[in-house]
Amino acid sequence: MTQSSMAALPFLRDEGGARVSVTACGIRLDFSRQRLKAKDLTGLYAMAEEKGMLEAFHDMVVGKNVNATEGRAALHTSLRSSSPDAPMAAEVRKGRKRMLDFARQVREGIWRGCRGERITDVINVGIGGSEKGPHAVYHALRAANPKIRVHFLSSVDGILLERILDSCNPLTTLAVISSKSFTTRETQVNAAAVDQWFLNAGIVGADRARHMVVVSANPDAVHQMCLPEENFFPLWKWVGGRFSVWGSVGLPVAIALGPETFSELLQGAAEMDRHTMTAPIESNLPAQLALFAYWNATKLRVASHCLLPYDERLRALVPWLQQLEMESLGKTHDAEGRLIEGPTGLGVWGANGNEGQHSFYQWLREGTGDTSIDIVWSEMPGHRYAGHYRVLLANARAQAEALVMRGSDNGHFNAVTAIIVDAITPRRLGAIMAMYEHKTTMLGTLFGINPFDQPGVELGKRLSHRAERGMDPTQAVMEEIAR
């Protein structure tokens, strides 16, 4: 496609009578600024049917083996389901009750530190999927002055460790060590450092069990930490790490926000699950997002997707979505190992939208890139400052239009979807996050790849282990290639 033809790309809204928005679960998608014609959208529907996009989603939800690489199901939707017919329902219900009961005990002061003091701080020790989801939820829903604070110890950089430990009292701190495999090196190192911090404060022997719990799919993890069985909360192998916030990985969030808030988050996600299972493709929110992303990537050759939340509470959704989509869709081979011709997943980035205006919008407006953009805002403020909300909302609405307007001599373009939420509540947040999860797995079907594995990540882990032992990384790579 030439630069002149790019500049002349139509908007869906240019055609009279074309459907340009869909609404469900308190969320409205306005895709009038997407760059295609109504006939193109009709063609996308036919293509999705031919590829079995909605059927593949149904297969995932009912528990079929959709993760061919690892030979297992992908049942994150079961974690938030209340249906007795959901796969693994009894096991999930048992684990959920135990987790929420524990969260309630901590909040009510029944579970206390070893000297009888109430827990005031929780350190979430985990990286990747064990950090991104809980961090996004906590940032969105936390109170201005929470009674129980959560600190996210993810990176193995000692600066972060020092800042967190220096702001906490070990006698009133609970550490949640979260790792699916319990072999993640960063988590092992950080867990050992936190354990030493407790030991230095005189928290030894059986007293450690009042200050540390483990979340893992590895049943031996709790023994590796020398903790009793009751300090173990399961994360099942049939849940991918980046899809895991709905289960025991969400324990720090349930403690800090309360079991009721966490349950509402699950209910909102389950509502989006039901919508996605039952809505026709023309009114199906995740399906619409997936089809526009597929069109932008494969037909318009857009390389990046920018998420711009005009709401402070949604700021941490950006790194969460980045991991969700890029770890799931950043692949060049299909599920059978064959090289894919053409692009797959987009590069995901973004920032708080209002701040981004004064940072990188110049590049979005007049640079030489073509970008897919989601602008998100809430119809209800989460604060009492009416003037601030009026200015923020005006900026969001104005930028949704400004970002698709370019000069006639500029051969580049943006495609914008406005995502309008009636209010940022636990239920709505759950729906938003589930919507993006389903968009991602549907794109896996459209691209023909497995969105549930991450072989590139595993290579980096192996090389890091070798480098830590003193091996030259270049030599380590050569040995990996020769394997």
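Presented here is a report on the structure given in the accompanying data block. (Residues numbered from 1 in each chain as written. Predicted model: local features only at pLDDT ≥ 70, side-chain atom pairs only at ≥ 80, totals over all residues. Heavy atoms only, no water.)

### Some thoughts on the pattern of salt bridges
Within this structure, the stated rule accounts for 24 salt bridges. Asp207 is the partner of Arg115 in a salt bridge, and the nearest nitrogen-oxygen pair spans 3.2 Å. Separated by 92 residues along the polypeptide, Arg115 in the loop between helix H5 (89–107) and strand E3 (121–125) and Asp207 in the loop between helix H8 (185–200) and strand E6 (212–216) bring together distant segments of the chain. Under the relative-accessibility criterion, Asp207 is labelled partly exposed at 26%. Among the ionic pairs, Arg315 bridges to Glu355, the shortest N-O distance being 2.8 Å. Separated by 40 residues along the polypeptide, Arg315 in the loop between strand E8 (304–309) and helix H13 (317–329) and Glu355 in helix H14 (residues 353–356) bring together distant segments of the chain. The exposure class assigned to Arg315 is partly exposed, which follows from its relative accessible area of 28%. A relative accessible area of 45% places Glu355 in the partly exposed class. Among the ionic contacts, a cluster of salt bridges with common partners joins Arg13, Asp30, Arg33 and Glu401. (Salt bridge = Lys/Arg side-chain N within 4 Å of Asp/Glu carboxyl O. Helix = DSSP H or I, 4+ residues; strand = E, 2+ residues; numbered from the N terminus. Buried < 20%, exposed > 50% of the residue type's maximum accessible area, 1.4 Å probe, protein only.)

### Details of the pairing of strand E11 (residues 414–421)
Counting buried positions over the 8 residues of E11 gives 8, a clear majority of the element. Residues Asn414, Val416, Ala418 and Ile420 point to one face of E11 and Ala415, Thr417, Ile419 and Val421 to the other, with burial holding for every one of them. The sheet contact formed by strand E2 (residues 27–33) and E11 spans 5 bridges and is antiparallel. Looking across to E11, one finds that Arg28 is bridged to Ile420. Inspection of the sheet shows strand E10 (residues 371–378) paired to E11 by 8 bridges, in the parallel sense. Note on E11: the bridge partner recorded for Ile373 is Val416. (Pairing = 2+ DSSP bridges.)

### Thoughts on unusual backbone geometry
For residues besides glycine, phi is generally negative; the peptide bonds are generally trans as well. Not every positive phi belongs to a glycine, and Cys25 is a case in point at roughly 55°. As for its placement among the helices and strands, Cys25 is situated in the loop between strand E1 (21–24) and E2. Classification of Cys25 as buried rests on a relative accessible area of 18%.

By themselves, these figures tell us nothing about what the structure is for.
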